[in-house]
Amino acid sequence: MVEPADVQKGLEDVIALESRICYIDGKGGRLIYDGYDIRDLAANSNFEEVAYLLWYGRLPTSTQLAELKQRLAGLRELPAPVLRLLTAMPRDALPMDVLRTVVSALAVYEPDETKPGEASIGGAQRLSAILPAILGTIHRLRNGLPALAPRPELSHASWLLYAIRGTDSNELETRALDVALILHADHELNASTFAARVTASTLSDLYSAVTSAIGTLKGPLHGGANERVMELLEEIGTPEKAEEVVRAKLARHERIMGFGHRVYKVEDPRATILREWSKRIGEAKGNLRYYDLLRAVEGVVHREKGLYPNVDLYSGSVYTLLGIPKDLFTPVFAASRVAGWTAHVLEEYQDLRLIRPTARYVGPVDLVYSPIGSRG
Ligand code: CMC
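Residues numbered from 1 in each chain as written. Predicted model: local features only at pLDDT ≥ 70, side-chain atom pairs only at ≥ 80, totals over all residues. Heavy atoms only, no water.

### Digging into the domain arrangement of the protein
Each domain of the protein was delimited in the assignment, giving domain 1 (22-220 + 325-350) and domain 2 (225-321). The centre of domain 1, based on its C-alpha atoms, is set 25 Å off from the matching centre of domain 2. If you look at the interface, domain 1 gives 28 residues, while domain 2 gives 29 residues. The junction of domain 1 with domain 2 conceals about 2,400 Å² of combined surface from both sides, 70% of it contributed by carbon and sulfur atoms. For the domain 1 face of the interface with domain 2, the top three residues by lost area are Leu-172, Lys-326 and Phe-329, together amounting to 26%. Across the domain 1-domain 2 interface, the total number found is two salt bridges. Among the ionic pairs, Lys-285 bridges to Glu-173, the shortest N-O distance being 2.5 Å. Between the two partners, domain 1 and domain 2, sit three residue pairs in polar contact (both at pLDDT 80 or more). Of all elements in the fold, only β1 (22-25), β2 (30-33), α1 (38-44), α9 (171-184) and α17 (329-350) reach the threshold of two or more residues within the side of domain 1 that touches domain 2. Take the side of domain 1 that touches domain 2: its biggest share by element is nine residues, from α9. Residues that form the side of domain 1 that touches domain 2 fall into these classes: 13 nonpolar, six polar and nine charged. (Domains from an automatic or database assignment. Contact = heavy atoms within 4.5 Å. Buried area = accessible area lost by both parts, 1.4 Å probe. Salt bridge = Lys/Arg side-chain N within 4 Å of Asp/Glu carboxyl O. Polar contact = N/O pair within 3.5 Å; in protein donor to acceptor, adjacent residues only side chain to side chain. Helix = DSSP H or I, 4+ residues; strand = E, 2+ residues; numbered from the N terminus. Nonpolar A, V, L, I, M, F, W, Y, C, P; charged D, E, K, R; others polar.)

Listed below in structure tokens is the structure:
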């Protein structure tokens, strides 16, 4: 029997594969998509262009971008059976559970898009285009409102906001969401992307891979942290109370959501950008309460634990000010990360190797099987 090398719990620092899609410099606090710094992309790009970059490995020309925008805008409609499924879901179901179920169901109605291999680019575009409609419909149906018809003239970010709120967004709101979507679109081998690649590595289909990813993103240590950040702010109430509440939590060895990261040992560059947007959108809305509270929390956590903010610290405040309800934060994360998940699945199909690590067995061997009736 070949003895495995040392166990790396959580696969920390294990290089599992080669990828051209995303590079994280954890010590330097840099995030790169296909060669481009996230700060450049957040300042100048939009979700559709970044999705193109992740899928094709290069920035599009203006014609290519216009074509992609048009294609995505034409793929927003929910199939009738999927709308019926959404309507049949309990009103109080968790949106992430509904999203996972609906993406899985979609595969049954769109078998061509789900096929593994190069044709999966069609499925990647379909899933990215349709997620806003799923999210918006979940939210509207639970509020007793009918589903909205797609608006192909809107950009991806403004369609997503419209699908959830049912009202048009202004330029600043659209830009704030677009930036958040760019920042969340990929992050190397994070848990949900790894889950997607594991699924794809068995030559399973793209929709199954994205279903695995959604289930993985749901966990609070990955996608759900920003929701809990907003709960913390509600508990704290005013910036003056931040010290007392945070210190008490740390004394109880509780984790403060929105801080720490497996890869970044300095500030997550996405947190830096979202901090600016939290302030900017707060100023525009005349509500800097969340920003002020977050700054206070940040000061205490850094002083007490030396921890830096991650992407989840400020994103919830931006979403709340945009009118996105708390339990849709993680689904909105999915509506962005789907570009990265699908890019990774496409890459996996091109360089396929079944992902199957090994475990060090620590249980007994040679136990003697006893009949059930004679067990004590
Ligand atoms: N609050 C308090 N203490 C913390 C935190 C935190 N948020 N994060 C890490 N620590 C402490 C932890 O208790 C441990 O201390 P000690 O050595 O005394 O036991 C030490 O720091 C190392 O923690 P770890 O769990 O070994 O570090 P990790 O690399 O496994 O954890 C993490 C990464 C993200 C799971 C963790 O920092 C955490 O739980 N953060 C809160 C949840 C959160 O914000 N998640 C969003 C992550 S960013 C989203 C993404 O990129 O996908």
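### Digging into the site of the ligand
The immediate surroundings of the ligand are formed by 20 residues, with Arg-255, Ile-256, Gly-258, Phe-259 and Asn-310 found nearest. Here Ile-256 contributes a backbone N or O atom positioned 2.7 Å from a nitrogen atom of the ligand. Take His-261: an N or O atom from its side chain is 3.0 Å from an oxygen atom of the ligand. If the ligand stood free it would expose 940 Å²; the protein chains cover 69% of that surface. Classifying every residue of the shell around the ligand by side-chain character gives eight nonpolar, six polar and six charged. (Near = heavy atom within 4 Å. Areas by Shrake-Rupley, 256 points an atom, 1.4 Å probe, with all protein chains shown as cover.)

### Let's talk about unusual backbone geometry
The phi dihedral of Asp-13 falls on the positive side, at around 65 degrees, and the residue is not glycine. You can see Asp-13 is positioned in the segment before β1. Under the relative-accessibility criterion, Asp-13 is labelled exposed at 76%. For Asp-34, which is not a glycine, the phi torsion comes out positive at approximately 45 degrees. Tracing the chain through its elements places Asp-34 in the loop between β2 and β3 (36-37). Note on Asp-34: relative accessible area 13%, which makes it buried. (Buried < 20%, exposed > 50% of the residue type's maximum accessible area, 1.4 Å probe, protein only.)

### Points about the pattern of salt bridges
Scanning all chains against the criterion turns up 28 salt bridges. A salt bridge links Asp-34 to Arg-20, with the shortest nitrogen-to-oxygen separation between them at 2.7 Å. With Asp-34 in the loop between β2 and β3 and Arg-20 in the segment before β1, this pair connects stretches of sequence that are 14 residues apart. Note on Arg-20: relative accessible area 38%, which makes it partly exposed. For Arg-151, the salt bridge identified is with Glu-153, shortest N-O distance 2.6 Å. Residues joined in a network through salt bridges with shared partners are Glu-235, Lys-249, Arg-252 and Glu-254.

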